[in-house]
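Each chain, letter by letter, is given below.
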Amino acid sequence: MKPYSAYLLAGLLCLSSALPTFAADTTAPDPRTSLGMTPAERAEFLSEMRKMLGSIQGILQGISNEDRKMIAEFATQSGNRMARATPDTLRNRLPQAFKDIGGPRTCCLKSW
C-alpha cells in the first residue's frame, strides 16, 4: 500500500466514524426568522441569492487568476443594484435585523 493511500484510508475511517454527529438535530427549535414572503417572493429572493453567490464565485476566480476585467464584470452583477431592485411591498415587511445585515444605508439606496 502506498503511503498516501494509508493516510487516505485513515482519513476516511475517521470521517465515517464522525458522520452520525453531523446529522441534523430535528428536536432543536429552528433559530431562523421567517421573512413572511409569498411563494413568488421567495422564489425571486432565492434566485437573487444564487446570482449573488455566482457573482462572488466569479470575483474570487478573477482574484485567483489576477484578472481585473473578470473581477469588475462579476462585481457589477450584484450588490447595491440588487438591494435597489427589492420591491417596496417586500422591503416594508422585512425585519430590521435582516436589513441591517446589508450594512449601513447609503445615499444611493431607497430608504429602508
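Overview of the structure.

Quick notes on the rules
- Residues numbered from 1 in each chain as written.
- Predicted model: local features only at pLDDT ≥ 70, side-chain atom pairs only at ≥ 80, totals over all residues.
- Heavy atoms only, no water.
- Helix = DSSP H or I, 4+ residues; strand = E, 2+ residues; numbered from the N terminus.
- Buried < 20%, exposed > 50% of the residue type's maximum accessible area, 1.4 Å probe, protein only.
- Contact = heavy atoms within 4.5 Å.
- Areas by Shrake-Rupley, 256 points an atom, 1.4 Å probe, with all protein chains shown as cover.
- Axes fitted to C-alpha atoms, helices over the stretch in contact; angles between N-to-C directions.
- Parallel < 35°, antiparallel > 145°, perpendicular 65-115°, else oblique.
- Left-handed = near helix turned anticlockwise from the far one by under 90°.
- Nonpolar A, V, L, I, M, F, W, Y, C, P; charged D, E, K, R; others polar.
- Salt bridge = Lys/Arg side-chain N within 4 Å of Asp/Glu carboxyl O.
- Patch = residues over 30% accessible without salt bridge, like charges linked within 9 Å, V, L, I, M, F, W, Y side chains within 5 Å.

So, the overall build of the chain
When helices and strands are counted, the chain shows six helices and zero strands. Secondary structure elements of the chain, listed N to C terminal, follow the sequence α-α-α-α-α-α. In the chain, which comprises 112 residues, the share counted as buried stands at 13%. Put simply, of all contacts in the chain between residues at least 6 apart along the chain, 44% involve residues at least 24 apart. Accessible area of the chain: about 9100 Å², with a carbon and sulfur share of 63%.

Considerations on the environment of F45
With respect to the element layout, F45 can be found in helix α2 (residues 39-64). Measuring from C-alpha to C-alpha, the distance between F45 and T86 comes to 8.9 Å, with 41 residues separating the pair along the chain.

Things to note about the packing of α2 against helix α3 (residues 68-75)
Two elements in contact, α2 and α3, have axes whose closest approach is 8 Å; the angle formed by their N-to-C orientations is 170°. With respect to α3, the element α2 is oriented roughly antiparallel. Crossing geometry of α2 relative to α3 is assigned as left-handed. Together, G54, S55, G58, I59, Q61, G62 and I63 of α2 and M70, I71, F74 and A75 of α3 make up the contact between the two elements. Taken together, the residues of the contact of α2 with α3 break down into six nonpolar, five polar and no charged.

Looking at the pattern of salt bridges
When the charged atoms of two side chains with opposite charge come close together, those side chains can pair. Inspection of every chain in the model, using the stated rule, returns four salt bridges. The residue R93 makes a salt bridge to E41 at a minimum N-O spacing of 2.4 Å. Taken as a pair, R93 in the loop between α5 (88-91) and α6 (96-101) and E41 in helix α2 lie far apart in primary sequence, 52 residues in all. On the accessibility criterion, E41 (16% relative accessible area) is buried.

Section: a nonpolar patch on the surface
On the surface, L53, I56, L60 and I63 cluster together into a nonpolar patch covering about 390 Å² of accessible area. By the element assignment, L53 lies in helix α2.

Concerning unusual backbone geometry
For E66, which is not a glycine, the phi torsion comes out positive at approximately 55°. One can find E66 in the loop between α2 and α3. What makes E66 exposed here is its relative accessible area of 73%.

Focus: the environment of R32
Looking at the secondary structure, you find R32 in the loop between α1 (3-18) and α2. Under the relative-accessibility criterion, R32 is labelled exposed at 69%.

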